[in-house]
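# Examination of the molecular architecture
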Amino acid sequence: AIPPTTLASRLPAETIFAILSLSIPTRLLSASSDNPSDTRKRYKTLKSCALVCKSWRTPACTLLWRHVALVRRSRLTSWIDSPALGKYQIWSLEITGKLAWADAEEILGEDVGDVVERLEDGGGDFGLRSLSLGMFEGGVPKSVWESKAISSIKHLSILSGTDLLAPSWAAQQEEAKLWSTISPSFQLTTLRVDACTKPMFETLLLSSQATLKALRIPLYSLEGTHYPPEFGQYLHLISETLEELVLYHSLPTTSTPFLKSLVNLRTIDLRPVAPYHPLTNEEIRTFLKWAPGSLRKLILHKESNAWTAAWRKEMEWAKRRRLPCMKGLKRVEIWAHTKWGPDVEWAKELGEVGIEAEVLCY
């Protein structure tokens, strides 16, 4: 017997797509790489929707394929061989090599090249907007960076531990030579780099100097040192476009003057390198001196109770001195593990002088 047709199966595909988009939490549809549990929930939820009935399959698969995360080599291989590849547009692609569990076969840098080559073979409109690469053995091939398949990306993340530079000095020199010949096929609006070489950083900035609006400066160079001062000198390339900056406060105070050149910077997210190493009063004061007058939002991450007292004191000093960064500041976010009394009091004090402040918990 033919089963009765349900109302859900008779709806137009566009209507089903809209219903699924609205009924599934936004965080699951965006599949942030910072939250792997959301990625798993998203996959299971949309896979179940795709199996409801034939009319649900295309709308659910369209949402499922928008954000792809590949963390095992076996899954990467299956994905490359999938007949569905090319039927649905991919918006974001995350590929992670080394994993926490030892029995998982790692994805290599050359595998990334295979993925991009397969995307090109699929043809059609390359709708890829976001690319996230993390922790590979061996470098990512030059062909990846110049591929048409990633020419439309606007957001690039090179995550912590990415071994794009081998540890030997000879390999470092080879990698530097490689990046001196690369001409990326994309123009970025967001660049998140946890670790890279100076040639890579410079090349990526040069390719996107007219479009880049958000930047996370690398915490390490792959020579194994914190924050080479040379990174500051590259930022003049994007001094007129950059609006958001994630900054680790290991940056030497001698390199902070570049902040003043970022004339359109609206947001600074100031992060600690490691816990229990808070900024001193002098370092906070130096930062406030050089922070630009265009600053509207400051994001801070609490490290200790003494940290709160130091920031509270130095921001009062900056307000009295009428430093440029305090004139336009509208919001301060204080991220902490708990809402501690003095933090809340400080937030109220900032509110009394016209700065919206909030203590947020991780």
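In this text the structure is predicted, and so the values were computed from the model without any measurement.

With that settled, the discussion passes to the overall build of the protein. Helix and strand content of the protein: 15 helices and 13 strands. A burial count over the protein gives 46% of its 362 residues as buried. Within the protein, contacts between residues separated by at least 24 positions form 71% of all contacts whose residues are at least 6 apart in sequence. Here the protein displays about 18100 Å² of accessible surface, and carbon together with sulfur accounts for 54% of that area.

Let's shift gears to unusual backbone geometry. Positive phi, close to 55°, is recorded for R322, a residue that is not glycine. Positionally, R322 belongs in the loop between α13 (305–320) and α14 (324–327). Relative accessible area serves as the criterion here: at 66%, R322 is assigned to the exposed category.

Moving on to the sheet that holds strand β13 (residues 356–361). In space, the 11 strands of this open sheet follow the order β1-β2-β3-β4-β5-β7-β9-β10-β11-β12-β13, with parallel pairing throughout. Whereas interior strands pair on both sides, the edge strands pair on one side only; in this sheet they are β1 (67–70) and β13. The average angle at which neighbouring strand axes cross in this sheet is 10°, direction not considered. Relative to strand β5 (residues 190–193), strand β4 (residues 155–158) is paired through four bridges, and the arrangement is parallel.

Turning next to the packing of helix α2 (residues 13–23) against helix α5 (residues 54–66). Close contact between α2 and α5 brings their axes to 9 Å; oriented N to C, the two are set at 45°. As judged from the angle between their axes, α2 and α5 are oblique. Considering only the axes of α2 and α5, their crossing is right-handed. Across from A13, I16, F17, L20 and S21 in α2, the residues of α5 making contact are S55, W56, P59, A60, T62, L63 and R66. The residue inventory of the contact of α2 with α5, partitioned by class, reads eight nonpolar, three polar and one charged.

Of note, L128 is situated in the loop between α7 (109–122) and β3 (130–134). Between the C-alpha atom of L128 and that of K154, which follows or precedes it by 26 residues, the distance is 8.5 Å. In this view, L128 contacts I90, W91, S92, L93, A149, I150, S152 and I153; residues no more than four positions away in its chain are not counted.

Another point: helix α6 (residues 73–81). For α6, the set of buried residues is L76, W79 and I80. Buried residues in α6, looked at end-on, bunch into an arc of 100°, giving them a common side.

A separate point is the pattern of salt bridges. Applying the stated criterion across every chain, the model contains nine salt bridges. Residues E314 and R285 are paired through a salt bridge, measuring 2.7 Å at the closest nitrogen-oxygen approach. In this pair, E314 is assigned in helix α13 and R285 in helix α12 (residues 281–290), connecting sequence segments 29 residues apart. For R285, a relative accessible area of 28% puts it in the partly exposed group. Put simply, R331 and E358 hold a salt bridge, and the shortest N to O gap is 2.7 Å. Within this pair, whereas R331 is found in strand β12 (residues 331–336), its partner E358 is found in strand β13, the two being separated by 27 residues in sequence.

This paragraph deals with the pairing of β3. With four of five residues buried, β3 is to be regarded as a mostly interior element. Sheet analysis places strand β2 (residues 92–96) next to β3, joined by five bridges and oriented parallel. Residue pairing in the sheet places S92 in a bridge with S130 of β3. Here β3 runs beside β4; their pairing, made up of four bridges, is parallel. Across the sheet, S132 pairs through a bridge with S157, a residue of β4.

So, on to the packing of aromatic side chains. Evaluated as defined, the whole model comprises seven aromatic pairs. Grouping aromatic residues by their ring pairs yields a cluster made of F287, W307, W311 and W346. Note that R66 overlies the ring of W91, its terminal NZ or CZ placed 3.8 Å from the centroid. We note R285 situated over the ring of W317; from NZ or CZ to the ring centre the distance is 4.1 Å.

A word on the pairing of β1. The sheet contact formed by β1 and β2 spans four bridges and is parallel. Bridging across to β2, H67 finds its partner in S92. For the crossover from β1 across α6 to β2, the handedness is right-handed.

According to the relative accessible area criterion, R331 is buried, its value standing at 16%. In this structure the side chain of R331 is engaged in a polar contact, spanning 3.1 Å, whose partner is the side chain of E333. Setting aside anything within four residues of it in sequence, one finds R331 in contact with R296, K297, L298, I355, E356, E358 and L360.

Should pLDDT be low for a region, the predicted coordinates there are not to be read in detail. Of the residues in the protein, 75% reach a pLDDT of 70 or more, and the chain-wide mean stands at 77. Residue range residues 161–167 is modelled with pLDDT below 50. Its contacts to residues more than four positions away, or to other chains, number 25 contacts. Confidence drops under pLDDT 50 across residues 221–228; counting only partners more than four residues distant or on other chains, this segment forms 25 contacts.

The rules behind these values
- Residues numbered from 1 in each chain as written.
- Predicted model: local features only at pLDDT ≥ 70, side-chain atom pairs only at ≥ 80, totals over all residues.
- Heavy atoms only, no water.
- Helix = DSSP H or I, 4+ residues; strand = E, 2+ residues; numbered from the N terminus.
- Buried < 20%, exposed > 50% of the residue type's maximum accessible area, 1.4 Å probe, protein only.
- Contact = heavy atoms within 4.5 Å.
- Areas by Shrake-Rupley, 256 points an atom, 1.4 Å probe, with all protein chains shown as cover.
- Pairing = 2+ DSSP bridges.
- Axes fitted to C-alpha atoms, helices over the stretch in contact; angles between N-to-C directions.
- Parallel < 35°, antiparallel > 145°, perpendicular 65-115°, else oblique.
- Left-handed = near helix turned anticlockwise from the far one by under 90°.
- Nonpolar A, V, L, I, M, F, W, Y, C, P; charged D, E, K, R; others polar.
- Arc of directions from axis to C-beta.
- Salt bridge = Lys/Arg side-chain N within 4 Å of Asp/Glu carboxyl O.
- Phe/Tyr/Trp six-rings, centres within 6.5 Å; stacked < 30°, edge-to-face > 60°.
- Lys NZ or Arg CZ within 6 Å of the ring centre and 35° of its normal.
- Right-handed = clockwise from strand over helix to strand, strands pointing away.
- Polar contact = N/O pair within 3.5 Å; in protein donor to acceptor, adjacent residues only side chain to side chain.
- pLDDT = per-residue confidence, 0-100.

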